[in-house]
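# Understanding the architecture of this molecule
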Amino acid sequence: MTDRVIVGVTGATGQIYAVSALRLLDETDYEVHLILSNAAKVNLRQERDHSVGDVTELGDVVHDVDNIGASPASGSFRNDGMIITPCSMKTLAEIAHGHSRNLITRSADVALKERRPLVLMPRETPFNRIHIENMLSVTDAGAIVVPPFPAFYQNPDSIEAMVANTMARALSHLGVDVDYEEWQGLGR
Ligand SMILES: Cc1cc2nc3c(=O)[nH]c(=O)nc-3n(C[C@H](O)[C@H](O)[C@H](O)COP(=O)(O)O)c2cc1C
């Protein structure tokens, strides 16, 4: 346990997932190392609810995606794992093929080689065969694929609550213990 996690944010739609993850982590003692791709910044501007500044202020350390010499690029940098949310098909493909062309995909490659948890939240619809094969490849390499598919059975009363529930479950795969509504079984 290092109480340190890496959060990658890429240019798939659903920047709300990144904001939710960062807010949940903000309630913990984890030191959050945040990396935004250039396309994530484009999407933040498009999706409008949150600015790039809103997101970066939630990271304890913010790394430039093109700074391939930053600390998360090395396996010697101790951490409890990495989550990429949302994860674009391009970033998924780079990870699946070991093509570490920026700090996000390099950090993910490092997580896999160091056998640290790597949680990917790929977002696209519909999936083509390449997307599905890449999800299989990263799963075989040890990543945990958690597509941000919402659950409705807890009857969330807002989009934020629905997203936070998904994110809490995703973060639990890194060992981050944040509160979420547990299923109590069907009432009789
Ligand atoms: C408004 C908008 C929405 C997008 N949504 C998705 C998406 O849901 N999934 C996806 O894989 N790519 C999506 N893209 C395309 C990616 O942003 C693009 O492939 C980009 O190169 C990804 O780069 P990155 O992985 O470095 O962030 C979207 C782009 C824009 C502008």
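Here, every reference points to the structure presented above.
Residues numbered from 1 in each chain as written. Predicted model: local features only at pLDDT ≥ 70, side-chain atom pairs only at ≥ 80, totals over all residues. Heavy atoms only, no water.

Once that is clear, we can look at the packing of aromatic side chains. Applying the stated rule across the entire model yields one aromatic pair. Look at Tyr153 and Trp183: their rings are 5.3 Å apart centre to centre, the planes differ by 85 degrees, and that puts the pair in the edge-to-face class. Of this pair, Tyr153 sits in the loop between strand 6 (144–145) and helix 7 (159–172) while Trp183 sits in the segment after helix 7, placing them 30 residues apart in sequence. Taking the relative accessible area as the measure of exposure, Trp183 reaches 47% and is therefore partly exposed. (Phe/Tyr/Trp six-rings, centres within 6.5 Å; stacked < 30°, edge-to-face > 60°. Helix = DSSP H or I, 4+ residues; strand = E, 2+ residues; numbered from the N terminus. Buried < 20%, exposed > 50% of the residue type's maximum accessible area, 1.4 Å probe, protein only.)

To continue, consider a nonpolar patch on the surface. A cluster of nonpolar side chains, namely Tyr153, Trp183 and Leu186, defines an oily patch on the protein surface of about 400 Å² accessible area. Among the secondary structure elements, Leu186 is positioned in the segment after helix 7. Of the residues examined, Leu186 reaches a relative accessible area of 71% and is grouped as exposed. (Patch = residues over 30% accessible without salt bridge, like charges linked within 9 Å, V, L, I, M, F, W, Y side chains within 5 Å. Areas by Shrake-Rupley, 256 points an atom, 1.4 Å probe, with all protein chains shown as cover. Salt bridge = Lys/Arg side-chain N within 4 Å of Asp/Glu carboxyl O.)

Take the packing of helix 4 (residues 89–96) against helix 5 (residues 103–113) next. How two helices sit against one another is set out by the angle between their axes and by the gap between those axes. Between helix 4 and helix 5, whose axes approach to 9 Å, the crossing angle comes to 45 degrees. Judged by the angle between their axes, helix 4 and helix 5 are oblique. Relative to helix 5, the crossing made by helix 4 is right-handed. The segment helix 4 lies against helix 5, with Thr91, Glu94 and Ile95 engaging Ile104, Thr105, Ala108 and Leu112. The residue inventory of the contact of helix 4 with helix 5, partitioned by class, reads four nonpolar, two polar and one charged. (Axes fitted to C-alpha atoms, helices over the stretch in contact; angles between N-to-C directions. Parallel < 35°, antiparallel > 145°, perpendicular 65-115°, else oblique. Left-handed = near helix turned anticlockwise from the far one by under 90°. Contact = heavy atoms within 4.5 Å. Nonpolar A, V, L, I, M, F, W, Y, C, P; charged D, E, K, R; others polar.)

Shape is all these values report; function is a separate question.
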